[in-house]
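Here is how the chains run, residue by residue.
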Amino acid sequence: MASSKGVNTTAHINTLHQRLYHALNLGFRVCDEKEKKWTCTDIEIQRHVVKSISAFLDCFSRATANNRLIKDSIADIARALVFILGCKNRAVVGSAANVVIKLIRIVPPSILQSYSLDLVESLSHLLSCQQLEVSLPCAVALNAILVNVRETKEKQVWKILEDAKAVFSVVANLQNFSEGSISVEWFQEMALLLSTVMLKWPQSRFSVWNNPALMVMLESVSQKPDMGLRFATLKIYSSVALCGHGASELLDNGKPMLDMMISCMDESSPQNARIEGLKLAQRLATGNRECLKMINMCTEPLVNATVRTMSKWFSSAGKLEHDQMSLLVEACKLALITRWEGKHHIYFWKYRISEALLSLVVEDFHSQSLDGYASLEEEISTAEKVLNANFLPSLRSYVWDIIGYLAAHCEEEFDSILHGDELSLNFLVTCACLTFSKSVQKGYQICQNDIVSASQSESASRTVLMMIYSPSKYISSRARVTLSFILEEGGEQNLNSLVNFLSFIPSSGGYILPNILQTTVCLVGLACYSSIPQYARFILRNQGLEILLSFCSWYQRNRENIGASSFAPYPQSIAEKRICCWACTEDWDNKDAFLLYALLALAELVNHSFSEQNHAKEPSMKSENLKDRLCTTLQEIRDGTYGSGPRWYAAHILSYLGYYGFQHKLGKRLMAAYEDEECSDMRLLFASGNSVSVNKVIIAVRCPMLLPPKEGGHSGSTISTENFHRTVQEIRMSANVDTLALVKLLEFAYSGYVEVESSTLKKLKTLARHCKAKVLLQMLCRRRPKWGSSIPRIDIPLALTPKLIRFSDVILLPKEANMAGFNCCLCSSTSPHAHSHRVILSSGCEYLRALFRSGMQESHMDRLNVPVSWLGLTKLVSWFYCDELPNPPSGCKWNNMDTEAKLHELQAYVEIYSLTEWWIMEDLQNDCAQVILSCLESARELSIKTIELAASFSMWKLVEAAANHAAPIYHQLRDSGELDELDDELVNLIRTAAVQFSQQGG
Ligand SMILES: [Zn+2]
Ligand SMILES: [Zn+2]
């Protein structure tokens, strides 16, 4: 870099270097032989040194930073600056911080690393300084250092930032901002610093989103027209959204923020604001629930802005500017919100997503026209040329994933909303099919090291799969036709090699997949080709069913060794790795994807062999042995801990064999209640004279059509009988109702699962249709599961909603008789209580079942005292109705709770634990123990109080477990005097645990 006078010669640099050392030497003190320290508190000397450093640095730029003079003097410069900043002399620290900025711009981060901790420490203490001339350069310098902090040093740096209350200072600074009095630049730099800190250190996020005053202030600033201010708030928002709790906080009343975000995505906005807007939207969409929440507030404008960004860009000679490219990447990442079902899909079609995607595949797309293909052959050859040109290869796998998800989620009759986008869609289908069949043909030659082409192969394969299995007949048949056409000649040969490859995996005796990418392509290939009848026949003849089944069993045995498929667009890789507090439900297909693909193929083959059986005898399913193996394997998958996709498909295939639905613990519990006539309150009488006893509340939730019209009113066909203080209502069923079918329907209503002989199938179908039992009907009709649908639950919590609360027959009372602010949304009583149902309570608790039917006084009362706190009671009720014990607050929320609040949570579980001893509920007890121990894991300081608490309930197993948790910090506890409050017996217990702990080597 030439200086202003153009005399930046070696001689000039040498002079400045001499002057620098002349100044520096005024402050050096030699401590010992190795080290000299720079310590000088004289303001004038400090000022002189800062000026000399500045003048010296002005001779260099990043390009000339490897000059020996600068390399050799960095250590001395850094020492002096650290000391001067540490002195906090207002008159000089501002310019010192400015010199640090200069230094960072010139010297590469790797060289500065060894001084970064000291610099961070001195700079972060100055952030609270009221003078703008000080805090502004300090924020800029600190940000520049933090951006480059190495991962290995992050822990140390956080400790420094925490001790200096850096986040607190920055937040306070931002809160003091008011436009006009302070410069926009200052606000921006503070915001950038805060955003960097939040990005790197998740611990800092809570204090930002949990500060309502700051959030209100940010919202008002973000609504100002100044683009700089908007960008700054976007930066903060998008860092906050890395925390799941933070994101849902942002989305509560988030409309103004979302509107601002979308307006920043517009072409008229500066590049950095557009990118930041897209990033914020992506992060808010990390989880399905939050994504839908966002979409519900701004579907159309959000989708419009995304698609526009993808289609309105310019290139010159096939090359994109770097910033155009990053914009496109962010827009494509955002468009992956199509992986979730929702109302945004139709808007993607409305704004012509196929055209936008095609413009990223076909070079110079806007000047080409797609119409005029006389034949599929012609279209395929054009597609071949386009793919060979390899335009924007790094975007290709996004293109496939996006169109694949759109295809998987569209409606059956969706072509009506295509709005003339058919030609683009057709061409995309052709391109995807072509890429996929190339990958199949390559076989062993697929190169996993070429990441771009490998990820293209995988995503194109997955996409063709989603197209073929699309609910839209249009897309599905288009994909099938194209694929068959491409496959025409080498079809059977290709299929043969796929089948051989797959059969090799289980037979080789290995524990890992030979080649992840090739396995994916192979399984997807089989799943796609099986949907085409002629190939399904071929695969069946070649033992395809047995081979797929063996693969499934092999997968089950070796699941632990098999990673995810390599290039799937998982939410975690879409957003950054540094997310916290996101309880991401796994996508349908990202857990056990290999198993899902295998089951898709299996489903087609089973379907094929069943329909063939009606005409000619195919060899495939006649072996009973094979059928048994198929059943066992599928049942294990359906009831196991696999992803929802594989579990759904296992259940789907089982429906061909007479098994319908999913087995749950809750279902089994309710089934026991169904079989127990004594707890029923309604009897269905058949014309034949037979009858079944049921429970109104369960019928009301699961099959309301069976309830008599105007339940509770007088109806001609119902009679009530008093019996042991129970009123049983009787309903005469019409003679048209088939008894067996109705019993099966009820079985499904109670348990979510039923086995049906083929002779009853038709009648049950009619009944299920009449009763609007959607899930059962779908399975009876053997409709393919919808991509992404979750495992159906038994929705008993509905019984606690106002609409159905009239069936409640018992009220649970917690320990507290009074609680400020208690409000029941179901009745007017103001003392804490929970409405409940005897049948549900009995189904989960043997003790209560016995109590309710004992005839003792308590059994008739409509109130039951439960010796737990209100918090405990809510958790208990949730367990009874969902078969799931709610967890305490997680992540940032839990970490930021004080000990008292944590104990309050913990106490609820300890109380339930104690109750389960008395009520004899082993499952619940185990669940409680698990929650308690995992709380202790994350907060060892709670162990002593937990030991006390558990001891007061005489729960010795729990005391012992908590003592084991306290063991590693025994010495700390003893020295701090915390143990003094405990009984000697308990102290002994912890000491014994500590001795054991140290004997086992810590
Ligand atoms: Zn968090
Ligand atoms: Zn109430």
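No experiment lies behind these values; they were computed from the predicted model shown.

1. Topic: the environment of Phe-504
Mapped onto the elements of the fold, Phe-504 is located in helix H25 (residues 491-507). Along the sequence, Phe-504 and Ile-562 sit 58 residues apart, while their C-alpha atoms lie 16 Å from each other.

2. Things to note about the pairing of strand S5 (residues 691-694)
Relative to S5, strand S4 (residues 682-685) is paired through four bridges, and the arrangement is antiparallel. Looking at the pairing, Leu-684 lines up with Val-692 of S5.

3. Topic: the packing of helix H4 (residues 90-106) against helix H6 (residues 132-147)
Two elements in contact, H4 and H6, have axes whose closest approach is 8 Å; the angle formed by their N-to-C orientations is 30 degrees. Of the possible angle classes, the one that applies to H4 and H6 is roughly parallel. Crossing hand, H4 versus H6: left-handed. Every residue of H6 that contacts H4 at Arg-90, Val-93, Gly-94, Ala-97, Asn-98, Val-100, Ile-101 and Ile-104 is listed here: Glu-133, Val-134, Pro-137, Cys-138, Val-140, Ala-141, Ala-144 and Ile-145.

4. Re the coordination of the zinc ion (ligand 1)
Those protein atoms acting as donors to the zinc ion (ligand 1) are Cys-243 (SG), Cys-580 (SG), Cys-581 (SG) and Cys-892 (SG), and they sit at 2.2 to 2.4 Å. For the zinc ion (ligand 1), the donor residues sit on a single chain with the sequence spacing C-x336-C-C-x310-C. Of this pair, Cys-243 sits in the loop between helix H12 (227-240) and helix H13 (244-251) while Cys-580 sits in the loop between helix H29 (571-574) and helix H30 (593-615), placing them 337 residues apart in sequence. Of the two residues, Cys-243 and Cys-580, both sit in the buried class.

5. Brief notes about the packing of aromatic side chains
Throughout the structure, instances matching the rule amount to 16 aromatic pairs. A centroid spacing of 5.5 Å and a plane angle of 50 degrees characterise the contact between Phe-610 and Tyr-656, whose relative ring orientation is tilted. Within this pair, whereas Phe-610 is found in helix H30, its partner Tyr-656 is found in the loop between helix H32 (644-654) and strand S3 (659-661), the two being separated by 46 residues in sequence. Taken individually, Phe-610 and Tyr-656 each receive the classification buried, so the pair is uniform in this respect.

6. A few points about the coordination of the zinc ion (ligand 2)
Coordination of the zinc ion (ligand 2) by the protein is provided by Cys-824 (SG), Cys-827 (SG), His-833 (NE2) and His-835 (NE2), with metal-donor distances spanning 2.0 to 2.2 Å. Here the zinc ion (ligand 2) binds four donor atoms, and the angle range of 97 to 118 degrees at the metal identifies the geometry as tetrahedral. Taken in sequence order, the residues that donate to the zinc ion (ligand 2) follow the motif C-x2-C-x5-H-x1-H. Taken together, the positions of Cys-824 in the loop between strand S9 (810-813) and strand S10 (834-836) and His-835 in strand S10 put the pair eleven residues apart, joining distant regions of the chain. In terms of burial, Cys-824 and His-835 fall into one category: buried.

7. Comments concerning the pattern of salt bridges
Two side chains that carry opposite charge are able to pair once their charged atoms sit near each other. Counted by the stated rule, this structure contains 34 salt bridges. When the shortest N-O distance is used, the salt bridge between Arg-638 and Asp-639 registers 2.9 Å. Residue Arg-638 is classed as buried on the basis of its relative accessible area, which comes to 1%. The closest approach of N and O atoms between Lys-763 and Asp-738, which form a salt bridge, is 3.6 Å. Here Lys-763, found in helix H36 (residues 758-770), pairs with Asp-738, found in the loop between strand S7 (726-732) and helix H35 (739-751); they are 25 residues apart in sequence, far enough to count as distant.

8. Side note on helix H8 (residues 166-175)
A large share of H8 lies buried, amounting to seven of its ten residues. Residues Ala-166, Val-167, Ser-169, Val-170, Val-171, Asn-173 and Leu-174 constitute the buried set of H8. Elements in contact with the buried residues of H8: helix H5 (109-125), helix H7 (154-163), helix H9 (184-200), helix H10 (206-209), helix H11 (212-222) and H12.

9. A short note on the sheet that holds S9
The mixed open sheet is built from three strands, whose spatial order is S10-S9-S11. Here the strands that pair on one side only, and so sit at the sheet edges, are S10 and strand S11 (863-865). When strand polarity is set aside, the average angle formed by the axes of neighbouring strands in this sheet is 30 degrees. Contacts from helix H41 (residues 870-882) reach S9 and S10, with the element oriented near 20 degrees to S10.

10. Regarding the confidence of the model for the protein chain
Low pLDDT means the predicted coordinates in that region are not meant to be read closely. Averaged over all residues, the pLDDT of the protein chain equals 87, while 91% of them reach at least 70. Between residues 1-6, whose pLDDT stays under 50, and residues either more than four places distant or in other chains, the model counts seven contacts. This model gives residues 712-718 a pLDDT under 50, and the stretch forms seven contacts once residues within four places in sequence are excluded.

11. Regarding the side chain of Ser-461
The topology assignment puts Ser-461 in helix H23 (residues 451-468). Classification of Ser-461 by relative accessible area gives buried; the value is 0%. At a separation of 2.6 Å, a polar atom in the side chain of Ser-461 contacts the main-chain carbonyl oxygen of Ser-457. In this structure, Ser-461 is in contact with Phe-436, Val-521 and Val-524, ignoring residues within four places of it in sequence.

About the thresholds
- Residues numbered from 1 in each chain as written.
- Chains lettered and ligands numbered in written order.
- Predicted model: local features only at pLDDT ≥ 70, side-chain atom pairs only at ≥ 80, totals over all residues.
- Heavy atoms only, no water.
- Helix = DSSP H or I, 4+ residues; strand = E, 2+ residues; numbered from the N terminus.
- Pairing = 2+ DSSP bridges.
- Axes fitted to C-alpha atoms, helices over the stretch in contact; angles between N-to-C directions.
- Parallel < 35°, antiparallel > 145°, perpendicular 65-115°, else oblique.
- Left-handed = near helix turned anticlockwise from the far one by under 90°.
- Contact = heavy atoms within 4.5 Å.
- Donors = N, O, S within 2.8 Å, 3.2 Å for Na, K, Ca; no water.
- Buried < 20%, exposed > 50% of the residue type's maximum accessible area, 1.4 Å probe, protein only.
- Phe/Tyr/Trp six-rings, centres within 6.5 Å; stacked < 30°, edge-to-face > 60°.
- Tetrahedral: all angles 85-135°; square planar, octahedral: opposite > 155°, others 65-115°.
- Salt bridge = Lys/Arg side-chain N within 4 Å of Asp/Glu carboxyl O.
- pLDDT = per-residue confidence, 0-100.
- Polar contact = N/O pair within 3.5 Å; in protein donor to acceptor, adjacent residues only side chain to side chain.

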